[in-house]
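Here are the chains, one letter per residue:
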Amino acid sequence: MSLSLKKHHSFAGRPGPVVILVADGVGVAPAGPSNAVTEANTPTLDKLAKQTLYTELAAHGTAVGLPSDDDMGNSEVGHNAIGAGRIFAQGAKLVNQAIASGEVYDTEVWQQAIQHGKANTLHLLGLHSDGNVHSHTQHLYALMQKAADQGVTECCIHILLDGRDVAARSALTYIEQTESLISKINAQYAANFRIASGGGRMEITMDRYEADWDMVRRGYHCHTHGVGVGFESAAQAVEAMYEASSKGDQYLPAFVIEKNGDPVGRMNDGDAVILFNFRGDRAIEISLAYERDDFAKFDRNEHRAHPSLFYAGMLQYDGDEMVPQQYLVNPPQIDRTMGEFLCAEKITSFAISETQKYGHVTFFWNGNRSGYLDKSLETYIEIPSDNIEFNQAPAMKAYEITEKTVELIESGKFRFGRLNLANGDMVGHTGDLAAAIKAMEVVDECVAKIIRAIERQGGVLLYTADHGNADIMYTEKDGVRHPKTSHTLSPVPFAIVDPLYAGEYQLSPPTDAGLTHIAATTINLLGFEAPEDYQPSLLRFS
Ligand SMILES: O=C(O)[C@@H](CO)OP(=O)(O)O
Ligand SMILES: [Mn+2]
Ligand SMILES: [Mn+2]
């Protein structure tokens, strides 16, 4: 199918650029003391929610290609949906299907992993929860059971504690479930399955967008060479770390399970390693560390020589850079994204965010493609994020992103642009209500500044979010508040700020309006008819 767009039948577009502002993690939930969005003083956002050109969009579950409507949204599926204008079955669903059909075990990669596991040891590494954003323990359990059924007796599980997609201190629940399957398998097959190492996902292994390679270094040495504080069991490790500080699971340090002072599961030559995460952003760096011969981001031989391993991912996390080379399930094939259509029409555009969300407005936006679609038309800008817990600096880099965005809008060089303000999400994940309120006030100020630039240029601003987070900061049970660090199932706001608006169109959202409807809407506002197979525009033109 061709990538060219037809001129719109009635709307020629505005003189200034169309800009999409994604306020990451800012959903719409009932007002109340746990809602940082409504508790914050946000005059600009309040005004947007009251205008006629305002609606709310579904941002979770089947509307964004997840297995069920119990699945909260996340940045990957949210930005994929906004950029692609259609619903694609996402990693979580594709892995469920491949496991249910047994297809995953027919792959050459699985069979080779089993050969290595039978001759040596199979290592399964990944995020250890049922959050279904990066991974799901049911996937881990299916792989463990199948490996055992196929004759693997030596298997090490390396667990990354979550507390970010699930309750802040829920690691012990998942450890208990995993230990119980381990006991069952070990009894059934006289096998030696065991948890070998672990640590909090924001402390080791799962860095993204090269924000902090040291995290990956710590995780690599922990899982591979057994470097970390030693404990007799994972439960004991977590209990001891809970005693020692008030940190949630995501921030707990690296630990190693030892027997008589020796790690129970170092990686050795000839072993197989499977990373069972399905989402890409936080899986790419550790994959590079395991599979690239010329890897140079840190010294893998610092403690012991880097072993020769058979490495595979659950999915291929980056199809352009082919990371990893070996994988079990084909990733979603997201084609014909909005960016490709706009480039084909020679529309100039910018994308900007800080490191933590930079790949969201580029890689995820473009259907998981690395790099520029067309460098002569696009400008991508990354403002470096700080490596701290973001409740300590809830403004993050929002002011810097805003200042640069205003400059890009006013340069007159761009017809389209998108930016992501990370605050609602990254501060929301810390579970710190006061900081999240502050974060929302910063977002409000930044939105106001961007609106003024749009007004000066006669452009259009689309204000929205990719999923909820800051809109529910705690839950309450028996009078006790439990911080909620995860995303929410909330819809997200969608407001059009069009200073030259003269009634040329009305907002007319279908009942199932979701993030995938933004692309066609944007294309209309740029003066084109949307591609026929896109989810329909939210606008009706008179
Ligand atoms: O931090 C992350 O990796 C996820 C939560 O697991 O958040 P987001 O989808 O907003 O990037
Ligand atoms: Mn997000
Ligand atoms: Mn998030």
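Residues numbered from 1 in each chain as written. Chains lettered and ligands numbered in written order. Predicted model: local features only at pLDDT ≥ 70, side-chain atom pairs only at ≥ 80, totals over all residues.

In the nomenclature of an unreviewed UniProt entry, the protein is known as 2,3-bisphosphoglycerate-independent phosphoglycerate mutase of Arenicella xantha. Among the UniProt annotations of the protein, the heading Sequence similarities (unreviewed entry) holds the following wording: "Belongs to the BPG-independent phosphoglycerate mutase family." Taken from UniProt, the Catalytic activity (unreviewed entry) comment for the protein reads in full: "(2R)-2-phosphoglycerate = (2R)-3-phosphoglycerate". (UniProt positions renumbered as here; feature names shortened; annotations may be inferred.)

## With respect to the overall build of the protein
Each helix and strand in the protein was counted, giving 17 helices and 20 strands. Its C-alpha atoms give the protein a radius of gyration of 24 Å, near enough to 24 Å, the size a compact globule of 542 residues would have. Structurally, the protein occupies a C-alpha span of about 75 × 55 × 40 Å along its principal axes. In the protein, which comprises 542 residues, the proportion classed as buried is 58%. In the protein, of all internal contacts separated by at least 6 residues, the share reaching a separation of at least 24 is 79%. (Helix = DSSP H or I, 4+ residues; strand = E, 2+ residues; numbered from the N terminus. Rg over C-alpha atoms; globule rule 2.2 N^0.38 Å. Buried ≥ 20, exposed ≤ 12 C-beta atoms within 10 Å, placed from the backbone. Contact = placed C-beta atoms within 7 Å.)

## Quick word on the UniProt feature "binding site: Mn(2+) 2" (unreviewed entry) in the protein
Under the UniProt annotation, the feature "binding site: Mn(2+) 2" (unreviewed entry) is placed at Asp 24, Ser 75, Asp 466 and His 467. In three dimensions, the annotated residues from a span of 444 residues occupy one location, with a maximal C-alpha spread of 7.7 Å. Relative to the helices and strands, Asp 24 is located in the loop between strand 1 (18-23) and helix 1 (36-39). If you trace the backbone, His 467 turns up in the loop between strand 15 (460-464) and strand 16 (474-477).

## Concerning the packing of helix 3 (residues 75-84) against helix 13 (residues 355-364)
Close contact between helix 3 and helix 13 brings their axes to 9 Å; oriented N to C, the two are set at 40°. Pair helix 3 / helix 13 crosses with right-handed handedness. Residues Ser 75, Glu 76, His 79, Asn 80 and Gly 83 of helix 3 touch helix 13, and the partners they reach there are His 360, Val 361 and Phe 364. Residue classes in the contact of helix 3 with helix 13 are distributed as two nonpolar, five polar and one charged. (Axes fitted to C-alpha atoms, helices over the stretch in contact; angles between N-to-C directions. Left-handed = near helix turned anticlockwise from the far one by under 90°. Nonpolar A, V, L, I, M, F, W, Y, C, P; charged D, E, K, R; others polar.)

## A short note on the site of ligand 1
Close to ligand 1 lie Asp 24, Gly 25, Asn 74, Ser 75, Glu 76, Val 133, His 134, Arg 164, Asp 165, Arg 282 and Asp 425, which account for all nearby residues. Split by residue class, the shell around ligand 1 holds one nonpolar, four polar and six charged. For the shell around ligand 1, the domains that each give at least three residues are domain 1 (18-89 + 334-541) and domain 2 (92-329). (Near = placed C-beta within 6 Å. Domains from an automatic or database assignment.)

## So, the environment of Gly 339
Inspection of the secondary structure assignment puts Gly 339 in helix 12 (residues 338-344). Judged by the 26 C-beta atoms lying within 10 Å of it, Gly 339 is buried.

## Section: the sheet that holds strand 1
Ordered by their spatial adjacency, seven strands build an open sheet running 2-18-15-1-14-12-13, and the pairing between neighbours is mixed. With one partner strand each, in any of the chains shown, strand 2 (54-57) and strand 13 (378-383) form the two edges of the open sheet. Geometrically, the sheet is characterised by an average inter-axis angle of 15° between neighbouring strands, direction not taken into account. By the bridge criterion, four bridges tie strand 12 (residues 349-354) to strand 14 (residues 416-421) in an arrangement that is parallel. The residue of strand 14 that forms the bridge with Ser 349 is Phe 416. (Pairing = 2+ DSSP bridges.)

## A look at the UniProt feature "active site" (unreviewed entry) in the protein
UniProt's feature table lists "active site" (unreviewed entry) at Ser 75, given in the numbering used throughout. A tally of 27 C-beta atoms within 10 Å means that Ser 75 is categorised as buried. Contact partners of Ser 75, with chain neighbours within four places excluded, come to Asp 24, His 360, Phe 364 and Asp 466.

## Re the nonpolar core
Grouped together as the largest cluster of nonpolar side chains are 166 residues, with contacts concentrated most on Leu 21, Leu 124, Ala 436, Val 443 and Leu 461. Ranked by residues supplied to this core, first place goes to helix 16 (residues 433-457) with 14 residues. Both domains that furnish three or more residues to this core are identified here as domain 1 (18-89 + 334-541) and domain 2 (92-329). Not counting the four nearest positions on each side in its chain, Val 443 is found in contact with Ala 23, Val 26, Ala 398, Leu 421, Asn 423 and Gly 424. (Core = buried A, V, L, I, M, F, W, Y, C linked by C-beta atoms within 7 Å.)

## Re the domain arrangement of the protein
Here the protein is partitioned into domain 1 (18-89 + 334-541) and domain 2 (92-329). One C-alpha centre belongs to domain 1, the other to domain 2, and the line joining them spans 32 Å. Across the boundary between the two partners, domain 1 contributes 23 residues, which contact 25 residues of domain 2. When contributions to the side of domain 1 that touches domain 2 are tallied by element, the ones reaching two or more residues are helix 13 and strand 17 (480-483). By residue number, the principal contributor to the side of domain 1 that touches domain 2 is helix 13, which donates four residues. Looking at side-chain class alone, the side of domain 1 that touches domain 2 contains five nonpolar, 15 polar and three charged residues.

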